[in-house]
Structure formats: structure tokens, C-alpha cells
Amino acid sequence: MLTGAGVSAASGVPTFRGPHGLWSSTSAQTTPSTVEGWRRYRATDLATPDAFTRDPALVWEWYAWRRATIAACRPNRAHEVIAAWTMRNPQCRVVTQNVDDLHVRAGTQCLVRLHGSLWELSCWQRCAASPRTWRDERVPLPAPVPTCPHCGALARPAVVWFGEPLDPGAVEAAADAAACDVFLTIGTSASVYPAASFLHAARRHGAFTAEINLETTPASSMVDVAIQGPAEEVLDAIEAAR
Ligand code: OAD
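Here's a quick rundown of the structure. Because the structure is a prediction, the values reported are computed rather than measured.

### A few points about the site of the ligand
Turning to step 1, where the next piece is worked out: Surveying the vicinity of the ligand reveals 23 residues, the closest of which are Phe16, Arg17, Thr188, Ser189 and Asn213.
Turning to step 2, where the next piece is worked out: One of the side-chain N or O atoms of Arg17 is found 2.6 Å from an oxygen atom in the ligand.
Turning to step 3, where the next piece is worked out: In the model, a nitrogen atom of the ligand is placed 3.5 Å from a nitrogen or oxygen of the Leu214 main chain.
Turning to step 4, where the next piece is worked out: Calculation on the ligand without its partners gives an accessible area of 790 Å², and the protein chains cover 93% of this total.
Turning to step 5, where the next piece is worked out: A molecule is said to occupy a pocket when more than half its atoms come within 2 Å of that pocket's grid points, and by this definition the ligand occupies the largest pocket.

### A short note on the sheet that holds strand E4 (residues 116-123)
Turning to step 1, where the next piece is worked out: The strand order across the open sheet built from 3 strands is E5-E4-E6, with neighbouring strands paired in antiparallel fashion. On the outer flanks of this sheet lie strand E5 (134-135) and strand E6 (155-159), each paired with one strand and no other.
Turning to step 2, where the next piece is worked out: Here helix H5 (residues 56-71) sits on the sheet and contacts E4 and E6; the angle it forms with E4, its principal contact strand, is near 140°.

### As for unusual backbone geometry
Turning to step 1, where the next piece is worked out: Backbone torsion omega between Val139 and Pro140 reads -5°, so that peptide bond is classified as cis.
Turning to step 2, where the next piece is worked out: Tracing the backbone through its elements, the reader meets Pro140 in the loop between E5 and E6.
Turning to step 3, where the next piece is worked out: Cis geometry marks the peptide bond from Tyr193 to Pro194, where omega comes out at 10°.
Turning to step 4, where the next piece is worked out: If you trace the backbone, Pro194 turns up in the loop between strand E7 (182-186) and helix H9 (197-205).
Turning to step 5, where the next piece is worked out: If you check the backbone angles, Asp101 has positive phi at about 65° while not being a glycine.
Turning to step 6, where the next piece is worked out: Along the chain, the position of Asp101 falls in the loop between strand E2 (94-96) and helix H7 (102-106).
Turning to step 7, where the next piece is worked out: Judged by relative accessible area, Asp101 falls into the buried class, the value being 4%.
Turning to step 8, where the next piece is worked out: Within the chain, Ala190 stands out as a residue other than glycine whose phi angle is a positive 55°.
Turning to step 9, where the next piece is worked out: Within the secondary structure, Ala190 sits in the loop between E7 and H9.
Turning to step 10, where the next piece is worked out: The class of Ala190 is buried, set by a relative accessible area of 13%.

Cut-offs used in this document
- Residues numbered from 1 in each chain as written.
- Predicted model: local features only at pLDDT ≥ 70, side-chain atom pairs only at ≥ 80, totals over all residues.
- Heavy atoms only, no water.
- Near = heavy atom within 4 Å.
- Polar contact = N/O pair within 3.5 Å; in protein donor to acceptor, adjacent residues only side chain to side chain.
- Areas by Shrake-Rupley, 256 points an atom, 1.4 Å probe, with all protein chains shown as cover.
- 1 Å grid on protein atoms, 1.4 Å probe; cavity = no way out; pocket = protein on both sides within 12 Å on 5 of 7 lines; lining within 4 Å.
- Sits in = over half its atoms within 2 Å of the grid points.
- Pairing = 2+ DSSP bridges.
- Helix = DSSP H or I, 4+ residues; strand = E, 2+ residues; numbered from the N terminus.
- Contact = heavy atoms within 4.5 Å.
- Axes fitted to C-alpha atoms, helices over the stretch in contact; angles between N-to-C directions.
- Buried < 20%, exposed > 50% of the residue type's maximum accessible area, 1.4 Å probe, protein only.

Shown next as C-alpha cells:
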């Protein structure tokens, strides 16, 4: 299955798109500290290598705010049901675009984190002495703009930004997961590639496909069954019916 921000919405993690989403088209005036404030920024102001080059302090402020927001959130029923499925069935694999790690905290097995994790950092200069990523769950981080403990260069959140390639190992694992009999796409706007392409791959493979989403997306007309509703309720009902 493929999951997106909608799976974490009931936990209180803001989604990216839609009326209450984080990305908007107007530009920002001031440094915000609330979801309304951050909504005034565009994705390109905050989630690109160029944005980090231009203003690492602003980008880190955005990630520090998201880390603090998410640290106060708990996995919801959608995460729990998905985790239970992966524990019961080792063939059940989850590919997520979410960087909040709520699937991890729910105990999900066989998880591919396509866009990385907010709780990991990496060296901006990719110095040879540092590991590719390292875990740092401190909230708040001790320095407003963290540095690489190995070379002293800036550290960055180990997430995939717009314009950056995905980790080839993660893409391969996701493609492998899409070669399945049943493929669910849950709580994603199906608008960001290559994540959205795994539904196409599953269809080519002959999988039965289903979508769970509050609204219609580009995936809705492609799947065998499109279920309109909150993931936490729909998944709970499916689990209760087993
Ligand atoms: P989006 O914010 O684009 O879409 C969230 C989807 O979840 C929307 O289609 C909502 O209708 C749906 N939704 C909201 N609440 C829901 C609920 N309770 N139950 C079911 N569906 C619900 O988030 P993603 O598709 O995950 O990438 O976005 C994909 C990528 O774009 C993100 O990983 C991020 C972003 O820019 C990077 O940062 C690289």
C-alpha cells in the first residue's frame, strides 16, 4: 500500500494540499510560529535545496516547528490498523510518503519511507566522515541551525526536497511492494511522483486496487474501488469486519 499525509491528519499533523494544507500560493511576510503562519509560505520557500542554500535558518525553523508539532502527536487508528496488518501478514508492505514516523511508532513492519524522516539529519556537504543519515529526536534541537558532528558543516533534515532524487534503495523497495495482488492508496493526493506512479505499476502487475481518501484524486478514476471517507474510520471498519 501507499500512504500519504491524510493518514496522519487525524493525529493532528497538517497535510500539504487542500483547504487546510500547508502549501499555499501566496508569499510570506514574517517568520511564523503557527500553522496559519507557515501556510503563507510556498513549498519552494521551505522544501528545496535552493531554499536551504538561501536561508538555512528559516528552513530549520520550519522543520523545528514541524518536529515539535509531530512530537506532540500520537498514531491514530489508521496507523494502528495498518501496523496490525503488517504484523499479521509479513507480505503486507507499506510505502509511505510521510516523514513523521507515525507508522514507525505504531509498530509497522516492512515500511519504506520514500521521502525520509523528520527525525533524521544528514550532512549538507555529505562529508565522508558522517553516516548517510543519523537519528536526532531532540525537541527542540540544541542549536537553531544544527551542524554535522563530524565536519562542522550545516546539517539538514534527512528528507527528500522538491527537485531531489529519491533514495534508489527506497524506490526499488517500493517498486517491489507494488508488484502485489492488492494495492491500497490511502490519504494521498496522488499528485507527487514517483510516489504516485506505484499505483500504475500495481495496476500493470494486475493488482486489485483501492483508494481511501476524503476526496476525489487523480487516482480515483484509476482504482477498482474508491472509498470516500476518513482513513482512520474506514480502516477501523474494515478491521472490525474481518
Ligand atoms: P497531500 O497533502 O498532497 O494530500 C493529502 C491527502 O489526504 C488529500 O488528498 C486529502 O484529501 C487526504 N486526506 C486528508 N485527511 C484524510 C483522512 N482523514 N483520511 C483520508 N484521507 C485524508 O499529501 P501527500 O499526498 O502525502 O513531499 O503529499 C505527497 C508529498 O507532497 C509529501 O510527501 C510531501 C509533499 O510535498 C515532500 O515533501 C517531498
